[in-house]
Amino acid sequence: MQYPLRRRHFLAAGALPLLTACGSPLPLVQPAPAGTPEGAELLRASALAHGLAAYAQIADINIAYTGQWRPLIDRLQPEVVDAGYRGTSQERLLPAAGIVAQAYTGPRGRKQVAWRRGGGQTAAPGRVAVWNDGVPQADPAWLSAAALVAESYGLFLLGPLWLHGRGLPAALDGTERVDGRLCDVLQVWSRPGLGLVAQDRISLCVDRASGLVRRMRFTLEGFAGTRGAVARVDTFDHASRFGVMWPMQSYEEVEHPLRLPAHDWSITGLDVNRGYDAMALL
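Residues numbered from 1 in each chain as written. Predicted model: local features only at pLDDT ≥ 70, side-chain atom pairs only at ≥ 80, totals over all residues. Heavy atoms only, no water.

### So, the nonpolar core
Across soluble globular proteins, nonpolar side chains have a tendency to be buried as a group. Test applied: The term nonpolar core refers to a set of buried residues drawn from Ala, Val, Leu, Ile, Met, Phe, Trp, Tyr and Cys, joined through side-chain atoms within 4.5 Å. The classification of residues rests on relative accessible area computed with a 1.4 Å probe and restricted to protein chains. Under 20% of the type maximum is buried, over 50% is exposed, and intermediate values are partly exposed. Under the DSSP-based scheme used, a helix requires at least four consecutive residues in state H or I and a strand at least two consecutive residues in state E, with every element numbered from the N terminus.
If you look at the biggest cluster of nonpolar residues, it comprises 54 residues, and the most contacted ones within it are Ile-61, Leu-157, Leu-204 and Trp-246. The element that contributes the greatest number of residues to this core is helix α6 (residues 140-158), accounting for 12 residues.

### Side note on the pairing of strand β10 (residues 213-219)
Stated precisely, the cut-off is as follows: We call two strands paired when DSSP finds no fewer than two bridges between them.
Counting buried residues in β10 gives seven out of seven residues, a clear majority hidden from the surface. Both strand β9 (residues 200-207) and β10 contribute to a ladder of five bridges, which runs antiparallel. The residue bridging Val-206 from the neighbouring strand is Val-213, located in β10. Taken together, the five bridges between β10 and strand β11 (residues 230-241) define a ladder with antiparallel strand orientation.

### A closer look at the pairing of strand β8 (residues 181-190)
Taking burial as the measure, the 10 residues of β8 include eight buried ones, the bulk of the element. Pairing analysis gives seven bridges linking strand β7 (residues 170-178) to β8, with the strands arranged antiparallel. If you follow Glu-176 over to β8, its bridge partner there is Cys-183. Following β7, the chain reverses through two residues before pairing antiparallel with β8; Asp-179 in that reversal takes a positive phi of roughly 50 degrees. Sheet topology places β8 next to β9; eight bridges connect them, and they run antiparallel. Note on β9: the bridge partner recorded for Val-188 is Ile-202.

### As for the packing of aromatic side chains
Filter applied, for reference: Pairing of aromatic rings covers Phe, Tyr and Trp, the last counted by its six-membered ring, and requires centre-to-centre distances within 6.5 Å; plane angles under 30 degrees mean stacked, over 60 mean edge-to-face, and any other angle means tilted.
Summed over the entire model, instances satisfying the criterion amount to five aromatic pairs. On the numbers, 6.2 Å between centres and 75 degrees between planes, the contact of Tyr-65 with Tyr-153 is edge-to-face. Linking Tyr-65 in strand β1 (residues 61-69) with Tyr-153 in helix α6, this pair joins segments that are 88 residues apart in sequence. As far as the burial class goes, Tyr-65 and Tyr-153 line up, both buried.

Right under this line is the structure:
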């Protein structure tokens, strides 16, 4: 699905850096407030609508994407976009372990990312490794950007399934219409956050009729160049495969501190339970 790129987006992109955090629509609260029973129940109900029972039987997910970057976004977020390498991708996920492995192919060559989420009882930091054309990447900026992307794309793919069962504070926050559908808004404080950061805030727009998440907003604290920014992903064309509802089309847009279309992508291949373990990916 393509969204029109309006002239005001070009004007805004030329006038503002993507750095300021003034008036964020998802202000971070330290420490995160306690969740509510209603919030926890909506998160569980949405996870059930996405196929929680079947998802619990999935050990590994194997997925292929194709996508298109919108104009200007690579100039504002070059490390996150990495347009020279992030074209088509094939990804492997071990959801229970928080492990993601990504293999990208772009005009400059091939990029591989291995990511493992931190947290748990010991609050261990996450771990990331990146190779560009087989050469290990050592720059901290590129490593933190890769960790942010790897964790975020697990969220985009799985929505409430990626968050459910981690004991995260969740609370209701009114309603919003997404493409004409009435949605209940659920605020979740993710600890750890998206990538190499202690916390991010995530907003889920849960379709009241179907229970599916139609929109996600999220802070981007895991990378210095996007700290204070808020983006959103809208998901479309959900299809049932292996008992789980998968968003076959997705669209990302920066919402704060400026509004700018970022990325369209679609799922081109999907398989589960091939039987490998963490050692095969890390």
